[in-house]
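One-letter residues, chain by chain:
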Amino acid sequence: MPIATPEVYAQMLDAAKEKSFAYPAINVSSSQTLNAALKGFADAGSDGIIQVSTGGAEYLSGPSVKDMVTGSVAFAAYAAEVAKNYPVNIALHTDHCPKDKLDGFVRPLLDISAERVARGEAPLFQSHMWDGSSVPLEENLQIAEELLAKCAAAHIILEIEVGVVGGEEDGVANEINDQLYTTPEDAIATIKALGGGDKGRYMTALTFGNVHGVYKPGNVKLRPEILKAAQEAAASELGLGSDARPFDLVFHGGSGSTAQEISDAVDFGVVKMNVDTDTQYAFTRPVAAHMFANYDGVLKIDGEVGNKKQYDPRAWGKAAEAGMAERIVEACQNLRSAGTSLAG
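Summarised in this report is the structure supplied together with it.

Reading the values: the criteria
Residues numbered from 1 in each chain as written. Predicted model: local features only at pLDDT ≥ 70, side-chain atom pairs only at ≥ 80, totals over all residues. Heavy atoms only, no water. Axes fitted to C-alpha atoms, helices over the stretch in contact; angles between N-to-C directions. Helix = DSSP H or I, 4+ residues; strand = E, 2+ residues; numbered from the N terminus. Parallel < 35°, antiparallel > 145°, perpendicular 65-115°, else oblique. Contact = heavy atoms within 4.5 Å. Nonpolar A, V, L, I, M, F, W, Y, C, P; charged D, E, K, R; others polar. Pairing = 2+ DSSP bridges. Core = buried A, V, L, I, M, F, W, Y, C linked by side-chain atoms within 4.5 Å. Buried < 20%, exposed > 50% of the residue type's maximum accessible area, 1.4 Å probe, protein only. Salt bridge = Lys/Arg side-chain N within 4 Å of Asp/Glu carboxyl O. Phe/Tyr/Trp six-rings, centres within 6.5 Å; stacked < 30°, edge-to-face > 60°. Lys NZ or Arg CZ within 6 Å of the ring centre and 35° of its normal. Right-handed = clockwise from strand over helix to strand, strands pointing away. Expected span 1.5 Å × (residues − 1). Polar contact = N/O pair within 3.5 Å; in protein donor to acceptor, adjacent residues only side chain to side chain.

This part covers the packing of helix 5 (residues 106-118) against helix 6 (residues 137-153). Relative to each other, helix 5 and helix 6 sit at 25°, their axes nearing to 9 Å. For the element pair helix 5 / helix 6, the angle class is roughly parallel. Facing Arg107, Leu110 and Val117 of helix 5, the residues of helix 6 in contact are Ile143, Glu146, Leu147, Lys150, Cys151 and Ala153. Here the residues of the contact of helix 5 with helix 6 sort into six nonpolar, no polar and three charged.

By definition, the strands of a sheet pair up through backbone hydrogen bonds, in either a parallel or an antiparallel sense. The strand order around the closed barrel built from eight strands is 1-2-3-4-5-8-9-10, with neighbouring strands paired in parallel fashion. Within the sheet, the average angular offset between the axes of one strand and its neighbour, ignoring direction, is 25°. Pairing between strand 2 (residues 48-52) and strand 3 (residues 90-94): five bridges, direction parallel. Bridge pairing in strand 3 places Ile50 opposite Leu92.

One recurring pattern in soluble globular proteins: nonpolar side chains tend to sit buried together. Formed by 74 residues in total, the largest nonpolar core has its most connected members in Val28, Ile50, Phe75, Leu92, Trp130, Leu158 and Ile160. Not counting residues up to four positions away in its chain, the partners in contact with Leu158 are His128, Trp130, Ala144, Leu147, Leu148, Cys151, Arg201, Tyr202 and Met203.

All chains considered together, the criterion is met by 18 salt bridges. Across the salt bridge formed by Lys199 and Glu145, the nearest N and O atoms sit 3.3 Å from each other. In this pair, Lys199 is assigned in the loop between helix 7 (184-194) and strand 8 (202-206) and Glu145 in helix 6, connecting sequence segments 54 residues apart. Relative accessible area serves as the criterion here: at 37%, Glu145 is assigned to the partly exposed category. Connected via shared salt-bridge partners are Asp14, Lys17, Arg201 and Asp248.

Looking at the secondary structure, you find Gln231 in helix 8 (residues 225-237). Its relative accessible area of 2% is what places Gln231 among the buried residues. Leave out the neighbours within four places in its chain, and Gln231 touches Ala244, Arg245, Pro246, Phe247, Leu249, Phe268 and Gly269.

Next up on the list: the environment of Asp111. Within the secondary structure, Asp111 sits in helix 5. Overall, Asp111 belongs to the partly exposed group, its relative accessible area being 45%. Along the sequence, Asp111 and Ile262 sit 151 residues apart, while their C-alpha atoms lie 36 Å from each other.

We now examine the side chain of Gln51. Within the secondary structure, Gln51 sits in strand 2. Here Gln51 falls in the buried class, since its relative accessible area comes to 0%. Discounting chain neighbours no more than four positions away, the residues touching Gln51 are Ala25, Ile26, Asn27, Val28, His93, Asp95, Lys272 and Asn274.

This part covers the packing of aromatic side chains. Scanning the entire structure with this criterion turns up three aromatic pairs. When the ring centre of Tyr181 is taken as reference, the NZ or CZ atom of Arg223 above it lies at 4.9 Å.

Turning next to the pairing of strand 5 (residues 157-162). Of all six residues in strand 5, six are buried; the element is thus mostly enclosed. Burial along strand 5 is two-sided: the residues Ile157, Glu159 and Glu161 and Leu158, Ile160 and Val162 are all buried. Two elements, strand 4 (residues 127-130) and strand 5, share four bridges in a ladder whose sense is parallel. Paired with His128 across the strands is Leu158, a residue of strand 5. Taken together, strand 4, helix 6 and strand 5 constitute a β-α-β crossover, and its handedness is right-handed. With five bridges connecting them, strand 5 and strand 8 associate as parallel partners. Paired with Ile160 across the two strands is Thr204, which belongs to strand 8.

Now for helix 4 (residues 68-82). For helix 4, built from 15 residues, the straight-helix expectation of 21 Å at 1.5 Å per residue is met to within 8% by its first-to-last C-alpha distance of 21 Å. When helix 4 is considered as a whole, its buried residues turn out to be Met68, Val69, Gly71, Ser72, Phe75, Ala76, Ala79 and Val82. Against helix 2 (31-44), strand 2, helix 3 (54-61), strand 3 and helix 5 lie the buried residues of helix 4. The opening residue of helix 4, the one whose side-chain oxygen lies 3.3 Å from the backbone nitrogen of Val69, is Asp67.

Interpretation note: all reported values are geometric properties and have no functional meaning in isolation.
Laid out in structure tokens, this is it:
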């Protein structure tokens, strides 16, 4: 299928909320991890979201170039071509962008999409994330309001973060403490600033104890009921029923979450869950196994010449992609998106 149009992306998110499932949003940083993500979604029969972070975008431009816009444009162009061969809908997204990188990442990409839309083309990306977790809420929402207007004009969905996700990702680090919980007052402030969809559609990453990084189940203290309280506060502010779920919620920092915590979060309106740490490991683990199992073949040792078939990057690359694809199928099953593709 072609990359999802803005209309199809909206239908995907509507379907997720209506049927209580969420899409895994898979971080990639290379053509190999992108191909693995596409295969994983296709194997699961799930539409999905594939995204690049600031570091991933830099890496995609070339380790010696480190240009986030170049890497993002190249990623989007490659994805648009190879995704045509898979029978699922895929949306492209840019992940966490802090304030000091807006001018070198999201804003230029928005300008490119605006130019494309003016020519009658689809935007380059279907959604962008502004990560204002490190600035005061008032400033966070002021910047979000400005970006939301630009996103809406370019037929793009904005993702914001209200609250603080603990741990570290791409150089953005936060302490693990009581600030990791969004309040109902934060939710009301968000609705007052950004509206309930009338100013443009946006997704909201509320925090309920989320932590980026590697953690065993039980080590991260999640409180999914905070999402329910935020939805109720937002619904009240908009004059909706108490059972309404006005926010399209995003779940960050999900590694180590229990199946029940994930299920509860989806029930409370999560439509997108970022998956990165687990898929990184799932990609790398088969590579390590290949190297250990074929030590004499991948290295030229004791004066020998090695075995080209074993050190050919495609040999271990295929195993890496297969491992990552399997983990994505598992994520789709956990989030209930498996078998729900709008592509049939």
